[in-house]
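Commentary on secondary and tertiary structure
Each chain is listed here by its residues.
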Amino acid sequence: MTRPTLIDIRHVTRVYRADDGSETHALDDVSLEVREGEFVSLIGPSGCGKTTLLRLVAGLDSPQAGSLTVEGRPIEAPGPDRGYVFQQGALYPWATVAENIATGLKARGVYRTERHRVPQFIELVGLSGFDNAYPHQVSGGMAQRVAIARALINGPRALLLDEPMGALDSFTRIELQDKLLDLWKDLGSTMLLVTHDVDEAICLSDRIVVMTPRPGRISEVIEVALGRPRLRNDPDFLALRSSILEKLHLAGSRPEPEFNI
Ligand SMILES: Nc1ncnc2c1ncn2[C@@H]1O[C@H](COP(=O)(O)OP(=O)(O)OP(=O)(O)O)[C@@H](O)[C@H]1O
Ligand SMILES: [Mg+2]
C-alpha cells in the first residue's frame, strides 16, 4: 500500500539574483513527493541545489515559482513539524548539550512544561552523562547527535538533514548512520537527507534522488530495493553503487578509500 504524501514539492524554481544582475538558477522546475515515513536522500554534485531545496522545505526560503506543502499545508515558514539539522557548527558554543537540545522547546515556548523531555532525548541519541558538557568538549559525531536531538525534540513529522555526516571521519559517520536508522525505525519520522556519499545514500534510503547542476534539476529517482540491514560488500549493493556513480558521471573515479571493503 502506498503511504500518503507528507511533503509535496511541485514545479519549484529558485533563482538567486546578484547585485550585478547575474542570475543563478539553483533549482529549475523541481518536483518531488516524499511519503510519510519514507527515507529519501538527495545526492548530486556541489551546487546542484540540494541545500536550496532543503531550505525551501524547511520554510527558510521561498521559491519564485511552484509550490511546497507539508501534509497539504503550504510551507511558508519554519515549523515544529519539520526539524532541520545543519551541516556543522550549528550548536550554541556557550550552551551545554542539555541547553542546546532545550532550545527546540524554548523556540516553541513549551520549555517549562516539557523540559522533562530533554534527558529523554539525550538518552535517545546515546549521550547520557554528557548533559552538562559544552560543544567544544564533545566529538564531532556527538555534536551532530546533539543537533539531531534538538531537531527531534519537537516531534517533527519530517527531519531535514543537510550533510549531517559530511565533516565526520568514516568510522564516526557509519556509527551515526546506524543511529539515524535506529531513530528512523523507532520514531517513524520521515527523513530527507542531503549527502554527497553514495554509500550512505544506499545504506539509508528507500529512494535516492539524483540531482544535476546549472540549472539544478532532478535527473533520476532511484528506488533502493535492497533488504535491511544493508551490507556494503553485498553484490547488489555494489552494483547499485556503480550505477549511481555512473549517473553522477563519476564512473571510473575511485570511491573514497574507507569504502574499499
Ligand atoms: N544565497 C545565495 N545567493 C546566491 N547564490 C546562491 C545562494 N545560495 C546558493 N547559491 C547558488 O545556488 C546554487 C545551488 O546552491 P546550493 O547551496 O543549493 O547547492 P548544494 O547542492 O547544496 O551544493 P553543496 O553540495 O556544495 O552544498 C549554487 O550555484 C550556489 O552558488
Ligand atoms: Mg549544500
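This one's a predicted model, so the numbers in the text were calculated from it and none came from an experiment.

**Here's the deal with the pattern of salt bridges**
As enumerated under the stated definition, the model contains 19 salt bridges in all. Of the charged contacts in the structure, one is a salt bridge between Arg217 and Asp28, with a shortest N-O distance of 2.5 Å. One end of the pair, Arg217, is in strand S10 (residues 217–223); the other, Asp28, is in strand S2 (residues 23–35), with 189 residues separating them in the sequence. Classification of Arg217 as partly exposed rests on a relative accessible area of 40%.

**Looking at helix H6 (residues 170–187)**
Two residues of an α-helix separated by three or four positions point the same way, owing to the 3.6 residues in each turn. With 18 residues, H6 extends 25 Å between its outermost C-alpha atoms, agreeing within 8% with the 26 Å of an ideal straight helix rising 1.5 Å per residue. Taken together, the buried positions of H6 are Ser170, Thr172, Arg173, Leu176, Gln177, Leu180, Leu181, Leu183 and Trp184. If you follow the buried residues of H6, they end up packed against strand S3 (39–43), helix H4 (117–124), helix H5 (140–152), strand S7 (158–162), strand S8 (190–194) and helix H7 (198–204). Structurally, the start of H6 carries an N-cap: the backbone nitrogen of Phe171 is 3.1 Å from a side-chain oxygen of Asp169. Residue Gly188 follows H6 closely and has a positive phi angle near 70 degrees.

**Let's talk about the sheet that holds strand S4 (residues 65–70)**
On the basis of which strands lie adjacent, the open sheet formed by four strands has the order S2-S1-S4-S5 and antiparallel pairing. Looking at strand neighbours, the two that pair on one side only are S2 and strand S5 (73–74), the edges of this open sheet. As paired strands, strand S1 (residues 5–17) and S2 are joined by nine bridges and run antiparallel to one another. Following the sheet pairing, Val15 is matched in S2 by His25. Its contacts with the sheet place helix H1 (residues 50–58) against S1, S2 and S4, and it is angled at close to 120 degrees to S1.

**Structural notes on the site of ligand 1**
Surveying the vicinity of ligand 1 reveals the residues Tyr16, Thr24, Ala26, Pro45, Ser46, Gly47, Cys48, Gly49, Lys50, Thr51, Thr52 and Glu163. Gly47 is positioned with one of its backbone polar atoms (N or O) 2.8 Å from an oxygen atom of ligand 1. A distance of 3.1 Å separates an oxygen atom of ligand 1 from a polar backbone atom of Gly49. Relative to its unbound accessible area of 640 Å², ligand 1 is 58% covered by the protein chains.

**What about the side chain of Arg150?**
Looking at where Arg150 falls in the secondary structure, it is placed in helix H5. Comment: no salt bridge for buried Arg150; closest opposite-charge side chain is Glu99, at 11 Å. Apart from the residues within four sequence positions on either side, Arg150 is in contact with Ala90, Leu91, Tyr92, Asn100, Ile101, Thr103 and Gly104.

**Section: the pairing of S10**
Pairing of strand S9 (residues 207–212) with S10, which is carried by six bridges, proceeds in the antiparallel orientation. Among the inter-strand pairings, Met211 is bridged to a residue of S10, identified as Ile218. The antiparallel pairing of S9 with S10 creates a hairpin that spans four residues between the two strands, and Arg214 there sits at a positive phi of about 50 degrees.

Rules and cut-offs
Residues numbered from 1 in each chain as written. Chains lettered and ligands numbered in written order. Predicted model: local features only at pLDDT ≥ 70, side-chain atom pairs only at ≥ 80, totals over all residues. Heavy atoms only, no water. Salt bridge = Lys/Arg side-chain N within 4 Å of Asp/Glu carboxyl O. Helix = DSSP H or I, 4+ residues; strand = E, 2+ residues; numbered from the N terminus. Buried < 20%, exposed > 50% of the residue type's maximum accessible area, 1.4 Å probe, protein only. Expected span 1.5 Å × (residues − 1). Contact = heavy atoms within 4.5 Å. Polar contact = N/O pair within 3.5 Å; in protein donor to acceptor, adjacent residues only side chain to side chain. Pairing = 2+ DSSP bridges. Axes fitted to C-alpha atoms, helices over the stretch in contact; angles between N-to-C directions. Near = heavy atom within 4 Å. Areas by Shrake-Rupley, 256 points an atom, 1.4 Å probe, with all protein chains shown as cover. Lys, Arg positive; Asp, Glu negative; His and termini not counted.

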